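Close look at the chain arrangement
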Amino acid sequence: MNRLIAYNTQLADRIREALAHLPDVVEKEMFRGVCFMVNGKMCVCVSGDEMLCRIGAGAMETALDENGVRQMVMGNRAAKDFVYVGEEALYSQEKFDRWIKLSLDFNPKAKASKKK
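Residues numbered from 1 in each chain as written. Predicted model: local features only at pLDDT ≥ 70, side-chain atom pairs only at ≥ 80, totals over all residues. Heavy atoms only, no water.

Let's shift gears to the pairing of strand S4 (residues 50-54). Of all five residues in S4, five are buried, a share of seventy percent or more. Here S4 shows two buried faces, one formed by Glu50, Leu52 and Arg54 and the other by Met51 and Cys53. Pairing geometry for strand S3 (residues 41-47) and S4, over four bridges, is antiparallel. Across the sheet, Val44 pairs through a bridge with Cys53, a residue of S4. (Buried < 20%, exposed > 50% of the residue type's maximum accessible area, 1.4 Å probe, protein only. Helix = DSSP H or I, 4+ residues; strand = E, 2+ residues; numbered from the N terminus. Pairing = 2+ DSSP bridges.)

Counting 24 residues, the largest nonpolar core has Ile15, Met51, Val85 and Trp99 as the members making the most contacts within it. Those elements that place two or more of their residues in this core are helix H1 (9-19), strand S2 (33-38), S3, S4, helix H2 (57-63), strand S6 (77-85) and helix H3 (93-106). Looking at which element gives the most residues to this core, the answer is H1, with four residues. If we skip the residues at most four places from it in the chain, Met51 touches Leu11, Ile15, Val44, Cys45, Val83, Tyr84, Val85, Leu90, Phe96, Trp99 and Ile100. Counting nine residues, the second largest nonpolar core, distinct from the first, contains Met37, Leu52, Phe82 and Tyr84. (Core = buried A, V, L, I, M, F, W, Y, C linked by side-chain atoms within 4.5 Å. Contact = heavy atoms within 4.5 Å.)

Rendered as structure tokens:
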């Protein structure tokens, strides 16, 4: 990381460990933190003390009913497929693993961003 960015490094380490078994994981600075790209597509990020998960619109509907989960908003637009997951929704290993699984399950369906 080149710039000083304040994000939860313990959460980043937990994600790094959860994705360690995958062959194609790349870390990039994004969203005021670090993003884990899987198969060239944004999958899960750490932004501040929250985890940003790309889970798809279908899973997002039920996820938003949980405490500590909110839809990602960029500017005035809600971003489809993405939710921020706060610490209260990540406190147990079981809950954390569920968010990683939702993100990895959606990854094959997610569109890669356009190359600049």
